[in-house]
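Residues per chain, in single letters:
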Amino acid sequence: MDRDYHVHSSYSDGRFLFQMVRAAADAGLDGVGIADHCNVSDREEMTEQKHLLGFNLDQTYERRRQAIDRLAEESDIDIYDGVEMDYHPDEEGAIADFLDDADFDYTLGAIDHVETVNVHVEAYFGSKDESERERIVDDYFDRLVALVESELFDVAAHPDVIERNPALRGLATDDHYERAAAAFADSRTLPELNAGRALAEYGEFHPTPDFLNALADRDVPVVVGTDAHKPGEVGERVRHLERYLDKRNLQPVDPMVE
Ligand SMILES: [Zn+2]
């Protein structure tokens, strides 16, 4: 792996741009993609996220772009102007308009909410009984297939992000993986191999090995991302990803040439 396409900066919930770029250079990479969280939604949970967390890349991407250009002048590695865009099936028009205007180097699409709640919130999903949690996982995969079929994005970020939540983990079925893999095979959108929780409690990459097998059966390549938010996370996740790519005999691809 010589490029990481999923790093956050302080334009969303990561550290300063220069720190993240320096960490990528120190990790031996030739390029790093800055993919900050962004949404153009008027769903209440998303406007609340903007206000509570200050996720305002829809307003600040131009100044971030200037900063990236300036850092690129003094950096030995390539820096890409990416985005991790919130996806909702009802908002495809607004997302398309924004992405057309903003013209990022490449785009990640992400689904972080089901039933208006962030998928990371364990207490909310843990309070539901198993059949409800299964239905939620089913809804999640419907949304993932819609994201892939929308062709709005170069990459689908952490395509089974629900696995991060112990209350939703292990409920996805081969049928979900087959449906999602078939959608990827027919779309320009590529799945991300994401290391966001691979060295944490979850201990696996996204997608799970079974999901990755379904993708490999259809010759769908992956884009790699550490999902690092702190400089110290970049190098260790790059090395962990490299070992896994080696083990799976995978060659990651560049989302900007696909
Ligand atoms: Zn991310």
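Our structure is the block above this text.
Brief notes about the overall build of the protein
Then, in step 1: Within the protein one finds nine helices and nine strands.
Then, in step 2: Here the C-alpha atoms of the protein give a radius of gyration of 17 Å, agreeing with the 18 Å that 2.2 N^0.38 yields for 258 residues.
Then, in step 3: In terms of its C-alpha atoms, the protein occupies a principal-axis envelope of roughly 55 × 45 × 35 Å.
Then, in step 4: The proportion of buried residues among the 258 residues of the protein is 55%.
Then, in step 5: A fraction of 77% describes how many contacts in the protein between residues 6 or more apart in sequence connect residues 24 or more apart.
Then, in step 6: Side-chain charges of the protein comprise 25 positive and 60 negative groups, with the mean position of each set lying 5 Å from the other.

Some words on the sheet that holds strand E4 (residues 106–110)
Two orientations exist for strands paired in a sheet by backbone hydrogen bonds: parallel and antiparallel.
Then, in step 1: What the seven strands build is an open sheet, ordered E1-E2-E3-E4-E7-E8-E9; its pairing is parallel. Looking along the sheet, the strands with just one partner apiece sit at the ends: strand E1 (3–7) and strand E9 (223–225).
Then, in step 2: Taken together, the two bridges between E4 and strand E7 (residues 155–156) define a ladder with parallel strand orientation. By the bridge assignment, Leu 108 is partnered in E7 with Val 155.

Re unusual backbone geometry
Then, in step 1: Following His 206, the chain continues to Pro 207 via a peptide bond in cis, the omega torsion being -5°.
Then, in step 2: With respect to the secondary-structure elements, Pro 207 resides in the loop between strand E8 (190–194) and helix H8 (209–217).
Then, in step 3: A positive phi angle, near 55°, is found at Asp 103, a position not held by glycine.
Then, in step 4: Within the secondary structure, Asp 103 is located in the loop between helix H4 (92–102) and E4.
Then, in step 5: We note that Thr 116 has phi near 65°; this positive angle belongs to a residue other than glycine.
Then, in step 6: In this fold, Thr 116 is placed in the loop between strand E5 (113–114) and strand E6 (117–118).

Observations concerning the coordination of the zinc ion
Each pair of donors in an ideal octahedron of six around a metal sits at 90 or 180 degrees, and each pair in an ideal tetrahedron of four sits at 109.5 degrees.
Then, in step 1: Those donors, His 6 (NE2), His 8 (NE2), Glu 84 (OE) and Asp 227 (OD), are the protein atoms that reach the zinc ion, and they lie 2.1 to 2.5 Å from it.
Then, in step 2: Every donor counted, the four donor atoms about the zinc ion form angles of 78 to 166° at the centre, which fits irregular coordination.
Then, in step 3: Every donor residue of the zinc ion comes from the same chain, spaced as H-x1-H-x75-E-x142-D.
Then, in step 4: Judged by its relative accessible area of 0%, His 6 falls in the buried class.
Then, in step 5: Assessed through its relative accessible area of 0%, His 8 is described here as buried.

With respect to the nonpolar core
Then, in step 1: Core analysis: the largest hydrophobic core is formed by 52 residues, its most contacted members being Phe 141, Leu 144 and Leu 193.
Then, in step 2: For this core, the elements supplying multiple residues, two or more each, are helix H3 (57–74), strand E3 (78–86), H4, helix H6 (130–150), helix H7 (174–185), H8 and helix H9 (231–248).
Then, in step 3: It is H6 that contributes the most residues to this core, eight residues altogether.
Then, in step 4: When neighbours within four sequence positions are excluded, Leu 144 is seen to be in contact with Ile 111, Ala 156, Pro 159, Ala 180 and Phe 211.
Then, in step 5: Core analysis: the next-biggest nonpolar cluster, separate from the first, contains 16 residues, Leu 29, Val 32, Leu 71 and Val 234 among them.

Structural notes on the side chain of Glu 233
Then, in step 1: Here Glu 233 is to be found in helix H9.
Then, in step 2: Setting aside chain neighbours within four positions, we find Glu 233 in contact with Asp 227 and Ala 228.

Regarding the packing of aromatic side chains
Then, in step 1: Taken as a whole and assessed by the stated rule, the structure comprises 13 aromatic pairs.
Then, in step 2: Between Tyr 87 and Phe 153, the aromatic rings sit 6.0 Å apart at their centres with planes inclined by 90°, giving edge-to-face as the arrangement. On the criterion of sequence distance, the pair formed by Tyr 87 in the loop between E3 and H4 and Phe 153 in the loop between H6 and E7 is long-range, its members being 66 residues apart. Comparing Tyr 87 with Phe 153 shows no difference in burial state: the two are buried.
Then, in step 3: Their ring planes at 55° and their centres at 6.1 Å tell us that Phe 141 and Phe 211 sit as a pair that is tilted.

The rules behind the values
Residues numbered from 1 in each chain as written. Predicted model: local features only at pLDDT ≥ 70, side-chain atom pairs only at ≥ 80, totals over all residues. Heavy atoms only, no water. Helix = DSSP H or I, 4+ residues; strand = E, 2+ residues; numbered from the N terminus. Rg over C-alpha atoms; globule rule 2.2 N^0.38 Å. Buried < 20%, exposed > 50% of the residue type's maximum accessible area, 1.4 Å probe, protein only. Contact = heavy atoms within 4.5 Å. Lys, Arg positive; Asp, Glu negative; His and termini not counted. Charge placed at Lys NZ, Arg CZ, Asp CG, Glu CD. Pairing = 2+ DSSP bridges. Donors = N, O, S within 2.8 Å, 3.2 Å for Na, K, Ca; no water. Tetrahedral: all angles 85-135°; square planar, octahedral: opposite > 155°, others 65-115°. Core = buried A, V, L, I, M, F, W, Y, C linked by side-chain atoms within 4.5 Å. Phe/Tyr/Trp six-rings, centres within 6.5 Å; stacked < 30°, edge-to-face > 60°.

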